[in-house]
Amino acid sequence: QVQLVESGGGLVQPGGSLRLSCAASGLSFSMYAMSWYRQAPGKERELVAGISSGGGSTNYADSMKGRFTISRDNAKNTVYLQMNSLKPEDTAVYYCNAKRGSFIDFWGKGILVTVSS
């Protein structure tokens, strides 16, 4: 069974950093594009960052550019999200997503990131 398990969330002060990890199992990891999404209370789920299956292409939401970095280690079946200069508005549940083609999607359960002093 496909599993995506996020880790590394928690409480961090504004301006701080956090590194999220998503460990995948049950799929051919290198064949999937990976993404991080987030959903804050009262808001729609939004794309944070994405990375191609081979890691050669990335994309970010405008508010995350320059602060967040997505990367992947296909040998470890893991995708990362390095989050720097965190702001209170970054507080959200962060979800890991694996996508292959237009119809195959898998989601992690999500992990809470709280940015507060």
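Residues numbered from 1 in each chain as written. Predicted model: local features only at pLDDT ≥ 70, side-chain atom pairs only at ≥ 80, totals over all residues. Heavy atoms only, no water.

Caption draft 1: Seen up close, the overall build of the chain. The number of helices and strands found in the chain is zero helices and eleven strands. Helices and strands appear in the chain in the N-to-C order β-β-β-β-β-β-β-β-β-β-β. On the principal axes, the C-alpha backbone points of the chain span a range of 40 × 25 × 25 Å. Counting all 117 residues of the chain, 38% fall into the buried class. Taking contacts inside the chain between residues at least 6 apart in sequence as the whole, the part at least 24 apart equals 53%. Of the accessible surface of the chain, which amounts to about 6200 Å², a share of 47% is contributed by carbon and sulfur atoms. Averaging the positions of the 12 positive and the 8 negative side-chain charges in the chain gives two centres separated by 5 Å. (Helix = DSSP H or I, 4+ residues; strand = E, 2+ residues; numbered from the N terminus. Buried < 20%, exposed > 50% of the residue type's maximum accessible area, 1.4 Å probe, protein only. Contact = heavy atoms within 4.5 Å. Areas by Shrake-Rupley, 256 points an atom, 1.4 Å probe, with all protein chains shown as cover. Lys, Arg positive; Asp, Glu negative; His and termini not counted. Charge placed at Lys NZ, Arg CZ, Asp CG, Glu CD.)

Caption draft 2: Structural detail: the nonpolar core. Formed by 30 residues in total, the largest nonpolar core has its most connected members in L20, M34, W36, V79, L81 and Y94. Mapped by element, the contributors of at least two residues to this core are β3 (18-25), β4 (33-39), β5 (46-51), β7 (68-73), β8 (78-83), β9 (92-100) and β11 (111-115). Beyond its immediate chain neighbours, meaning those up to four positions away, M34 contacts L4, C22, F29, A49, G50, I51, I70, R72, V79, C96, N97 and A98. (Core = buried A, V, L, I, M, F, W, Y, C linked by side-chain atoms within 4.5 Å.)

Caption draft 3: Quick peek at the packing of aromatic side chains. Considering all chains together, one arrives at two aromatic pairs under this definition. Positioned over the ring face of Y80 is R19, at 4.0 Å from the centre of the ring. Above the face of the W107 ring, R45 is positioned so that its terminal group lies 4.8 Å from the ring centre. (Phe/Tyr/Trp six-rings, centres within 6.5 Å; stacked < 30°, edge-to-face > 60°. Lys NZ or Arg CZ within 6 Å of the ring centre and 35° of its normal.)

Caption draft 4: Spatial organisation of the state of the cysteines. Enumeration over the complete set of coordinates arrives at one disulfide. There is a disulfide in this structure between C22 and C96, and the S-S distance comes to 2.1 Å. Measuring the twist about the S-S bond at about -85°, one finds the C22-C96 disulfide to be left-handed. With a gap of 74 residues between them, C22 in strand β3 and C96 in strand β9 connect regions that are remote in the sequence. Here C22 matches C96 in class, with each residue buried. (Disulfide = S-S within 2.5 Å.)

Caption draft 5: Spatial organisation of the pairing of β5. Sheet topology places β4 next to β5; five bridges connect them, and they run antiparallel. Opposite Y37, over in β5, you have L47 as the bridge partner. Connecting β4 to the next strand, β5, in antiparallel fashion are six residues, including G42 with a positive phi near 80°. The hairpin formed by β5 and strand β6 (residues 58-60) contains six residues between the paired strands, and G55 there has a positive phi angle of roughly 85°. (Pairing = 2+ DSSP bridges.)

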